[in-house]
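Tertiary structure, described
Here is how the chains run, residue by residue.
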Amino acid sequence: MEAVRTILDSTIPLAALAVLCHLCWVGIRRSWDRLAGLDRLRQSVVPLKERQRADTEALADLTCRLEEAKGRLSAAEQRTGHLQRQIDAVDKEPPVFLHILGTAGGNRRAFRAEVQYDTAVATAARSAGKPVNPVWRYDNRVLVHALDLQSARREAEHVFPHKAGFKVFFHAPVP
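Once a new chain begins, its residue numbering starts again from 1 and follows that chain's sequence as written. Confidence filtering applies because this is a predicted model: local features only for residues at pLDDT of at least 70, side-chain atom pairs given and counted only at 80 or more, and all residues used for totals across whole chains, interfaces and linings. With hydrogens and water excluded, all non-hydrogen atoms of the structure serve as input to the side-chain values.

A word on the pattern of salt bridges
Two side chains with opposite charge may pair up if their charged atoms get near one another. Take a side-chain nitrogen of Lys or Arg and a carboxyl oxygen of Asp or Glu: if they are within 4 Å of each other, that pair is a salt bridge. Within this structure, the stated rule accounts for 1 salt bridge. Put simply, R65 and D61 hold a salt bridge, and the shortest N to O gap is 3.6 Å. Separated by 4 residues within a single helix, R65 and D61 lie in helix 2 (residues 38-92), roughly one turn from each other. Between buried and exposed lies partly exposed: a residue is buried under 20% and exposed over 50% of the maximum accessible area for its type, with that area taken using a 1.4 Å probe on protein chains only. Classification of D61 as partly exposed rests on a relative accessible area of 41%. For helices the rule is a DSSP run of H or I covering at least 4 residues; for strands it is a run of E covering at least 2, with both sets numbered from the N terminus onward.

A closer look at the pairing of strand 3 (residues 139-146)
Looking along a regular strand, one sees the side chains alternate between the two faces of the sheet. Most of strand 3 is tucked away, with 6 of its 8 residues classed as buried. By the bridge criterion, 6 bridges tie strand 1 (residues 96-101) to strand 3 in an arrangement that is parallel. Residue pairing for strand 3: L101 is matched across the bridge by V144. The criterion for strand pairing is that DSSP finds at least two bridges linking the strands in question. As judged from the 7 bridges shared by strand 2 (residues 109-117) and strand 3, these two strands associate in the antiparallel manner. Residue pairing in the sheet places R109 in a bridge with A146 of strand 3.

Some details on the nonpolar core
Within the largest apolar cluster, 17 residues are counted, with the highest numbers of intra-cluster contacts made by V142, V144, F160 and F170. Looking at this core, the elements with two or more residues in it are strand 2, helix 3 (119-127), strand 3, helix 4 (149-159) and strand 4 (166-174). For this core, the element with the highest residue contribution is strand 2, accounting for 4 residues. Residues count as neighbours in contact if any of their non-hydrogen atoms are within 4.5 Å of one another. With near-sequence residues (within four places) excluded, F160 lies in contact with H99, L101, V115, W136, V142, F166 and V168. In this description, a nonpolar core means a group of buried Ala, Val, Leu, Ile, Met, Phe, Trp, Tyr and Cys residues linked to one another through side-chain atoms lying within 4.5 Å.

So, the side chain of H145
Note that H145 resides in strand 3. If we ignore the near neighbours within four places in the chain, the residues touching H145 are I100, L101, G102, T103, A104, R108, R109, A110 and E155.

Description of helix 4
Buried residues of helix 4: S151, A152 and A156, and no others. For helix 4, the buried positions fall inside an angular range of 135° around the axis, keeping them on one side. Residues of helix 4 that are exposed and point more than 90 degrees away from the buried face comprise R154 and H158. Starting at the helix axis, one direction is taken to each C-beta atom, and the arc is that of these directions.

A short note on the packing of aromatic side chains
Ring pairs shown here join Phe, Tyr and Trp side chains whose ring centres sit within 6.5 Å, with only the six-membered ring taken for Trp; geometry is labelled stacked below 30 degrees between planes, edge-to-face above 60, and tilted in between. In total, this model carries 2 aromatic pairs according to the counting rule given. Taking the centre distance of 5.5 Å and the plane angle of 70° together, the rings of F160 and F166 count as edge-to-face. Aromatic ring contacts, followed pair by pair, group Y117, F160 and F166 into a single cluster.

So, the side chain of S151
Here S151 is to be found in helix 4. Side chain to side chain, S151 and D148 meet in a polar contact 2.6 Å long. Whenever a nitrogen or oxygen atom comes within 3.5 Å of another N or O atom, the pair is scored as a polar contact, on the condition that within protein one atom can donate a hydrogen and the other can accept it, and that pairs from neighbouring residues in sequence are kept only if both atoms are in side chains.

Considering the confidence of the model for the protein
Known as pLDDT, the predictor's per-residue confidence is scaled from 0 to 100. Confidence along the protein averages 81 in pLDDT terms, with 85% of residues attaining 70 or more. The secondary-structure element of the protein with the lowest mean pLDDT is helix 1 (residues 2-36), recorded at 69, while helix 2 shows the highest, at 90.

Concerning the environment of G102
In this structure, G102 sits in the loop between strand 1 and strand 2. Linking G102 and V144, residues 42 residues apart in sequence, is a C-alpha distance of 6.0 Å. Once residues lying within four places of it in the same chain are set aside, the contact partners of G102 are R108, H145 and E155.

Structure representation (structure tokens):
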């Protein structure tokens, strides 16, 4: 028993000394951290890291939205260019004159036709000193509102007679 007591008496003070040294080390380290301001810096770095992460996500979102907006803008610019080319093409074409005969209503249908002024008659009129209306140099279309195709032909022939040099060509009725 004496041997056990001797071993315990020599071991316990060593263990107590080791615990005491560890506690001193922890205390010194914590106080050094506090003195150096590292604890405060760590506490201030954590919110900054979170803020940086949030800002990075927001930047990525804005970059994605910017790319989408650039795509929509380029599509709109292409469409605008296409429409401008169409407008330029229409501007280069000669005008089309539309003559409307009859009144739309009830059971009347619309019939489409084209009217041309005969060039031989126009040449004869010019040589006789009569002026020819410049409208006939361009396309002339007629929209006749009538009950049927025969009455539409009669009305067009009445306004644009063949004897005066007009040629009327009818198309299918307008739905």
